[in-house]
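# Descriptive structure summary
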Amino acid sequence: MKKLFFVANWKSHKTEYEAKEWLEEISNFLAEQDPAPQDKFPISNNSIIVCPSFTILSKMQSYIIQNSLPIELGAQDVSPFDEGNYTGEVSAKQIKEFANYVIIGHSERRSNFSENDHILEQKVYMAQKYNLTPIFCVSRKDMVIPKGVSIVAYEPLFAVGSGNPDTPENANETAMFIKTQAHVSTVLYGGSVTSQNVASFTNMPHIDGVLVGRASLTPQDFFTIISHV
Ligand code: PGA
């Protein structure tokens, strides 16, 4: 069975308290499913990556470690600059204290913050400098993917936050194209993924997981998504 990535993109949702509640519920679901989830739960073969706001990365990391949850953390963005005099920015070196992954080039950042190919390339460079794995988002198969990116998320604009996902067939074809053209090993699908449709994407041969926005906010929905296999 191929290894799957389940990435939760919480966007600007959840306070510290709400995040703790979410982790507690996920932790309860895991305990109910199997007394020793790490040994048997299918996620032991897969990667669960939660990407909250910077403000709660530290608290989430502590909770995950204390409770030995099989969850890794990612940030939703990274500064294109190294540490230094860049007011308001969060550098890759700072993120690396708490997370192993970072989402770069999400369509909401490209459109709301005018992030262009040059800036995104710098962000990827910084992530790699500090050993953060970029999850690089593209909304079309012909978009620029910086060198060395190992995980790409294909998220068509019409599907993000709309309730209208791409077809699994088209997503699979796009994933195959990206793997061949950009020499990327792992391609995820994102855009209106739900507990009902997740399997139709992950069953496709070239799709290695999903990037989930809205459906990741509810512990029950996200747990159904990660345990569907
Ligand atoms: P959605 O968001 O699942 O709510 O469509 C996906 C994303 O923006 O990454």
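First, a word on what this report is: a plain description of the structure on this page. All of these numbers come straight from a predicted model, not from anything done at the bench. (Residues numbered from 1 in each chain as written. Predicted model: local features only at pLDDT ≥ 70, side-chain atom pairs only at ≥ 80, totals over all residues. Heavy atoms only, no water.)

Take the packing of aromatic side chains next. If you walk through the whole model with that rule in mind, you get 6 aromatic pairs. Ring plane angle 40° and centroid distance 5.6 Å describe the contact between W22 and F222, whose orientation is recorded as tilted. Taken together, the residues span a long stretch of sequence, with W22 in helix 1 (residues 16–33) and F222 in helix 9 (residues 219–226) at a distance of 200 residues. Neither residue differs from the other here; W22 and F222 are each classed as buried. Taken together through their ring pairs, the aromatic side chains of W10, W22 and F222 make up a single cluster. In this structure, R109 is placed above the aromatic ring of F113, and the distance from its NZ or CZ to the ring centre is 4.1 Å. (Phe/Tyr/Trp six-rings, centres within 6.5 Å; stacked < 30°, edge-to-face > 60°. Helix = DSSP H or I, 4+ residues; strand = E, 2+ residues; numbered from the N terminus. Buried < 20%, exposed > 50% of the residue type's maximum accessible area, 1.4 Å probe, protein only. Lys NZ or Arg CZ within 6 Å of the ring centre and 35° of its normal.)

Once that is clear, we can look at the pattern of salt bridges. Where charged atoms from two side chains of opposite charge come close, those side chains can pair. Using the criterion set out here, one finds 12 salt bridges in the structure. E16 is the partner of K59 in a salt bridge, and the nearest nitrogen-oxygen pair spans 3.4 Å. Of this pair, K59 sits in helix 3 (residues 57–66) while E16 is found in helix 1, placing the two residues 43 residues apart along the sequence. E16 sits in the partly exposed class, given a relative accessible area of 42%. When the shortest N-O distance is used, the salt bridge between R109 and E115 registers 2.8 Å. Given the relative accessible area of 22%, R109 is considered partly exposed. Linked by salt bridges that have partners in common, D77, R109, E115 and K123 make up one network. (Salt bridge = Lys/Arg side-chain N within 4 Å of Asp/Glu carboxyl O.)

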